[in-house]
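# Chains, contacts and geometry: an overview
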Amino acid sequence: MSGFEGFVQALDYPVHVVTAACSGERAGCLVGFAGQTSIDPPRFTVWLSKANRTYAVAARSAVLAVHTLPHDALALARLFGALTEDEGVDKFARTPWTPGPEGVPLLGGAAAWLVGRVLDRADWGDHVGFLLDPLDARQARPGPVLMYRQVRDLDAGHPA
Ligand SMILES: Cc1cc2nc3c(=O)[nH]c(=O)nc-3n(C[C@H](O)[C@H](O)[C@H](O)COP(=O)(O)O)c2cc1C
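To start, this report covers the structure provided alongside it. Being a predicted model, the structure only gives us computed values, none of them experimental.

### Concerning the environment of leucine 64
Secondary-structure assignment places leucine 64 in strand 5 (residues 63-68). Accessibility expressed as a relative area gives 0% for leucine 64, which makes it buried. Residues leucine 64 and glycine 103 lie 39 residues apart in sequence; the distance between their C-alpha atoms is 9.8 Å. Setting aside anything within four residues of it in sequence, one finds leucine 64 in contact with Val18, Thr19, Ala20, Val46, Ala58, Val104, Leu114, Val115, Gly116, Val118, Phe130 and Leu132.

Put into structure tokens, the structure is as follows:
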């Protein structure tokens, strides 16, 4: 294991499901690379793999939704992290959701969500950063959220 791999494998942080919608198409995937990037103005960034169906839809979307999950929502994490819409799976037929701003799916099973307008994209490697300006955010289920260490052994639907 390289020093870099050892460093990042020792980290733990919340995981999120990022959803997008464009021209009637919906997509969403589990995301570990995400975080607040400014306090004033408020900014949040999520990093999407170019290999994912979600990236292809998000690249054409004006807004994205970022969800945290309750600590026991392993099935939801598996749905969005281990399956890909590229293999014909309709993730949104398997879990409750409602349309948010610009039609972006808001997951009924989320602990909290944030909808943000895409201000910028940063292509620095195999993942692209989407800088979000928060439009709305809600906390549906306050409490402990699902963490990376709980799902790190899932086989991702797409290799990065
Ligand atoms: C623990 C874990 C963390 C992940 N982190 C990210 C991430 O930060 N960004 C990303 O684009 N994909 C990430 N993935 C991979 C996607 O969630 C996965 O490939 C998904 O099946 C893609 O679905 P899609 O092709 O329908 O978009 C992660 C997967 C797992 C299991």
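This is not the end of the story, as more comes after the structure.
### Some points on the nonpolar core
Buried together is how nonpolar side chains tend to be arranged in soluble globular proteins. Of all hydrophobic cores here, the largest spans 18 residues; its most connected members are Val18, Val46, Leu48, Leu64, Val66, Phe130 and Leu132. Taken together, the elements giving at least two residues each to this core come down to strand 1 (16-22), strand 2 (25-31), strand 4 (43-49), helix 2 (53-58), strand 5, strand 8 (112-123) and strand 9 (127-139). Grouped together as the second largest cluster of nonpolar side chains are 14 residues, Val17, Leu76, Leu79 and Leu146 included.

### Regarding the pattern of salt bridges
Within this structure, the stated rule accounts for 7 salt bridges. The partner of arginine 149 in a salt bridge is aspartate 12, and the shortest N-O contact between them spans 2.9 Å. Pair noted here: arginine 149 is in helix 4 (residues 148-151) and aspartate 12 is in the loop between helix 1 (3-9) and strand 1, with a separation of 137 residues, a long-range link. Look at arginine 149 and you get exposed, because its relative accessible area is 53%. On the basis of relative accessibility, which here comes to 33%, the residue aspartate 12 falls in the partly exposed class. Its salt-bridge partner being arginine 53, residue glutamate 25 comes within 2.0 Å of it at the nearest N-O pair. In this pair, glutamate 25 sits in strand 2 while arginine 53 sits in helix 2, placing the two residues 28 residues apart along the sequence. The structure contains a network of salt bridges with shared partners spanning Glu25, Arg53 and Arg60.

### Overview of the side chain of histidine 67
Looking at the secondary structure, you find histidine 67 in strand 5. From its side chain, histidine 67 meets the backbone nitrogen of leucine 107 in a polar contact 3.1 Å long. Apart from the residues lying within four places of it in its own chain, the contact partners of histidine 67 are Val15, His16, Val17, Thr19, Pro105, Leu106, Leu107, Ala110, Ala112 and Trp113.

### Describing the sheet that holds strand 1
Pairing within the open sheet is antiparallel, and its 7 strands lie in the order 2-1-5-8-9-4-3. A strand with exactly one partner marks an edge of an open sheet, and here the two such strands are strand 2 and strand 3 (34-38). For this sheet the average axis-to-axis angle between neighbouring strands, irrespective of direction, equals 35°. For strand 1 and strand 5, the ladder comprises 4 bridges, and the chain directions are antiparallel. Its bridge partner being in strand 5, histidine 16 is matched across the sheet by threonine 68. Lying on the sheet, helix 3 (residues 74-81) is in contact with strand 1 and strand 2; it crosses strand 2 at an angle near 115°.

### So, the packing of aromatic side chains
The tally for this structure, following the rule as stated, stands at 5 aromatic pairs. Pairing tyrosine 55 with phenylalanine 130 gives two aromatic rings, centres 6.1 Å apart and planes at 75°, and the pair type is edge-to-face. Taken as a pair, tyrosine 55 in helix 2 and phenylalanine 130 in strand 9 lie far apart in primary sequence, 75 residues in all. On the accessibility criterion, phenylalanine 130 (0% relative accessible area) is buried. A centroid spacing of 5.6 Å and a plane angle of 70° characterise the contact between phenylalanine 80 and phenylalanine 92, whose relative ring orientation is edge-to-face. Placement of phenylalanine 80 in helix 3 and of phenylalanine 92 in the loop between helix 3 and strand 6 (97-99) is noted, with a sequence separation of 12 residues between them. Like phenylalanine 80, the residue phenylalanine 92 is buried in the burial classification. Taken together through their ring pairs, the aromatic side chains of Phe80, Phe92 and Trp97 make up a single cluster.

Rules and cut-offs
Residues numbered from 1 in each chain as written. Predicted model: local features only at pLDDT ≥ 70, side-chain atom pairs only at ≥ 80, totals over all residues. Heavy atoms only, no water. Helix = DSSP H or I, 4+ residues; strand = E, 2+ residues; numbered from the N terminus. Buried < 20%, exposed > 50% of the residue type's maximum accessible area, 1.4 Å probe, protein only. Contact = heavy atoms within 4.5 Å. Core = buried A, V, L, I, M, F, W, Y, C linked by side-chain atoms within 4.5 Å. Salt bridge = Lys/Arg side-chain N within 4 Å of Asp/Glu carboxyl O. Polar contact = N/O pair within 3.5 Å; in protein donor to acceptor, adjacent residues only side chain to side chain. Pairing = 2+ DSSP bridges. Axes fitted to C-alpha atoms, helices over the stretch in contact; angles between N-to-C directions. Phe/Tyr/Trp six-rings, centres within 6.5 Å; stacked < 30°, edge-to-face > 60°.

Take it as geometry only, folks, not as evidence of what the structure does.
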